[in-house]
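Residue-level listing of the chains:
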Amino acid sequence: MRHISKGALRQMLDQPQLLAPKRRAHLQSCAKCRTVAAAVVADAGRVAVLMEGSGKVTADPAPALSALRSGGLNPLSVSSGSRSWRFGSRPMLRPVLGVALVGLMGTLLVGTGVAGNLIKIFEPDKLVAVPVDIQTLSSLPDLRNYGEITMVSEPTFSAAANMADAARLTGLTLLEPVKMPSGVGVERIQVASAGTASFTFDAARARAAGDGNAVPDKLDGSSLFLQAGPLVVQTFGGPADRVEDLAVAEQAARAASAPEQVDLAGLLSSLPDLMIVQMKSPVVSSNGPTVAEYRDALLTLPNLSPALKAQIEAVGDPSTTLPLPIPIDLASSRRVDINGAAGLAVGDNTGVGSGVVWQSGGVVRAVAGTLAEDEVLAIARSMR
Amino acid sequence: MSDGFERLFNAEYPRVVSIANRVVRDRAEAEDVAQEVFLAFSRKHSPFADYAPAWLHRAATNAALNQVRGRRRREQRESFSQAGAASAEPGVDELIVQREEQRAVREALARLPKRSAAVLALRSSGLTYAETAAALGVGVGQVGTMLRRAEARLLKEVRK
């Protein structure tokens, strides 16, 4: 087993419960890692003393609020507080939207009266890794500059008692792992129904946004329809188990009870020890242009680096390939075989976590957690 | 002043001051920074936004670092007062040494990359890994690595 990174050792100091059993065993037996760990701990202690400085400051907000009022600096310009989820309003959401734009994937086949006019343009049967850097994705323009996003139908979320219940609720053919590492926590199962969204291109809006935004004439007024889900998520050892981390537990609970207010960045930061996701492969339909025309339009986006353009062009048949963006600053990927299906193993650069994604039987499946890659692969390959 | 803003202010003000203080090392300045941060927030954002706490925490480190990097007059006042104190009041040496240490840490923080200084200020103010990650816009798994690098750099800068 490779040595434990300094970042993981530093995190272990603050969150020892997150250290995977195999890593714990390695640390106990590896003199080099123990030496490094001692140095990391010593430095952390010195810095803690430096940062403590003149001691804790406890500030009383009441006089400060009075000062704010009496100073005539009335912040009443604060809005009444729309509770809608603002697309692209968080730094983390931009790369997610960038992903949606890069692939033009994961959208809806509308099961309404419109369906008769729709042409299915994307239904993936394979995955491909698309290396991207976070800076490039973060600099991609806001999707709202190009058109209107509409939630046609919201997914509903519920808990399932067991996997048989989850299969009944979703209609999915679900697999379950036969092999699991010791020490993973309590299992919870959540289910989401399919959701539907549409995106309609608007050339006038793009022009008004400026900065080189443009919608080609043939796409103006056209709509993409996205269907994602249903999906089943099994989590093991979630934030609620880590009772000392109440902020994380609270955030996860908010996400579960009010999905329309999901803070994606916060949810990502509250990932459990292990997660298994199974989701019906996404389908995209269009009321006119072909997927090649959408891809060509995507390639004209401002701020798209030559490297990212090349990656998009290399995806192959865009109608059957699901691109998985891999942030090269943070993670790496390699192709793996999961019981005959082609998959992608993804590992983060800190060595703290890893995951694997593959597709079988029209279902995209993923296993990820604070485990080593070989453990994650073993779980995935044991799923029946 | 809206109820929503007041609630947010009461909930987050102490923490914003604490974060700013880790950088500026001066209570009065930290409170000034906190006021500016809340005013800036109020101009463009809703107090009910889920990202409000993370925004405020991040802004506190940014504003505090800007304050430290831009200041010159304060340094001059400190030198002056220290010289005066040393000559007029015997026994204040310890206070002067303490001030020098504070200044050394403050200047070292100002020389660090912004995110390195930010992760140190946020964690030492008691934010969890999840809150720190949210403020910095990174995954929680990255916080350990960022912390380790920031700590190594701070120690190197302080030793200069």
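Everything below is about the structure shown above.
A short tour of the structure in this document, coming up. What you see is a predicted model, and the numbers here were worked out from it, not measured in a lab.

## Remarks on the overall build of chain B
Right, on to step 1. In terms of helices and strands, chain B carries 8 helices and 0 strands.
Right, on to step 2. Along its sequence from the N terminus, chain B presents helices and strands in the succession α-α-α-α-α-α-α-α.
Right, on to step 3. By element, 49% of the accessible surface of chain B is carried by carbon and sulfur atoms, the whole surface being about 7000 Å².

## Points about the overall build of chain A
Right, on to step 1. Regarding its fold elements, chain A presents 13 helices and 15 strands.
Right, on to step 2. Classification of the 384 residues of chain A by burial places 46% in the buried group.

## Observations regarding the pairing of strand β8 (residues 231-236) of chain A
Within a regular beta strand, the side chains point alternately toward one face of the sheet and then the other, so they alternate between its two faces.
Residues and elements named next belong to chain A.
Right, on to step 1. Among the 6 residues of β8, 5 are classified as buried, and the element is accordingly described as predominantly covered.
Right, on to step 2. Bridge count between strand β5 (residues 187-192) and β8: 6 bridges; the pairing is antiparallel. Within β8, the position partnered with Q190 by the bridge is V233.
Right, on to step 3. Relative to strand β9 (residues 274-280), β8 runs antiparallel, the two being bridged by 6 bridges. Note on β9: the bridge partner recorded for F236 is L274.

## Digging into the packing of helix α2 (residues 27-44) of chain B against helix α3 (residues 52-70) of chain B
Residues and elements named next belong to chain B.
Right, on to step 1. The N-to-C vectors of α2 and α3 enclose an angle of 130°; their axes lie 9 Å apart at closest approach. As the angle between them shows, α2 and α3 are arranged oblique. Between α2 and α3 lies a crossing whose hand is right-handed. Here E29, V33, V37, F38, A40 and F41 of α2 come into contact with α3, specifically with A52, W55, L56, A59, A60, A63, A64 and Q67.
Right, on to step 2. A per-class count over the contact of α2 with α3 returns 12 nonpolar, 1 polar and 1 charged.

## Thoughts on helix α11 (residues 291-298) of chain A
Right, on to step 1. Regarding α11(A), the residues found buried are A:V291, A:Y294, A:A297 and A:L298. Taken end-on, α11(A) shows its buried residues confined to a sector of 120°, consistent with a single buried face.

## Regarding the packing of helix α4 (residues 61-70) of chain A against helix α1 (residues 3-24) of chain B
Right, on to step 1. Two elements in contact, α4(A) and α1(B), have axes separated by 9 Å at closest approach and are oriented at 130°. Compared by their axis directions, α4(A) and α1(B) come out oblique. Judged by the twist between their axes, the crossing of α4(A) over α1(B) is right-handed. Touching A:P61, A:A64, A:L65, A:L68 and A:R69 of α4(A) are B:F5, B:E6, B:F9, B:N10, B:Y13 and B:P14, all from α1(B).
Right, on to step 2. Here the contact of α4(A) with α1(B) is composed, by residue class, of 8 nonpolar, 1 polar and 2 charged.

About the thresholds
Residues numbered from 1 in each chain as written. Chains lettered and ligands numbered in written order. Predicted model: local features only at pLDDT ≥ 70, side-chain atom pairs only at ≥ 80, totals over all residues. Heavy atoms only, no water. Helix = DSSP H or I, 4+ residues; strand = E, 2+ residues; numbered from the N terminus. Areas by Shrake-Rupley, 256 points an atom, 1.4 Å probe, with all protein chains shown as cover. Buried < 20%, exposed > 50% of the residue type's maximum accessible area, 1.4 Å probe, protein only. Pairing = 2+ DSSP bridges. Axes fitted to C-alpha atoms, helices over the stretch in contact; angles between N-to-C directions. Parallel < 35°, antiparallel > 145°, perpendicular 65-115°, else oblique. Left-handed = near helix turned anticlockwise from the far one by under 90°. Contact = heavy atoms within 4.5 Å. Nonpolar A, V, L, I, M, F, W, Y, C, P; charged D, E, K, R; others polar. Arc of directions from axis to C-beta.

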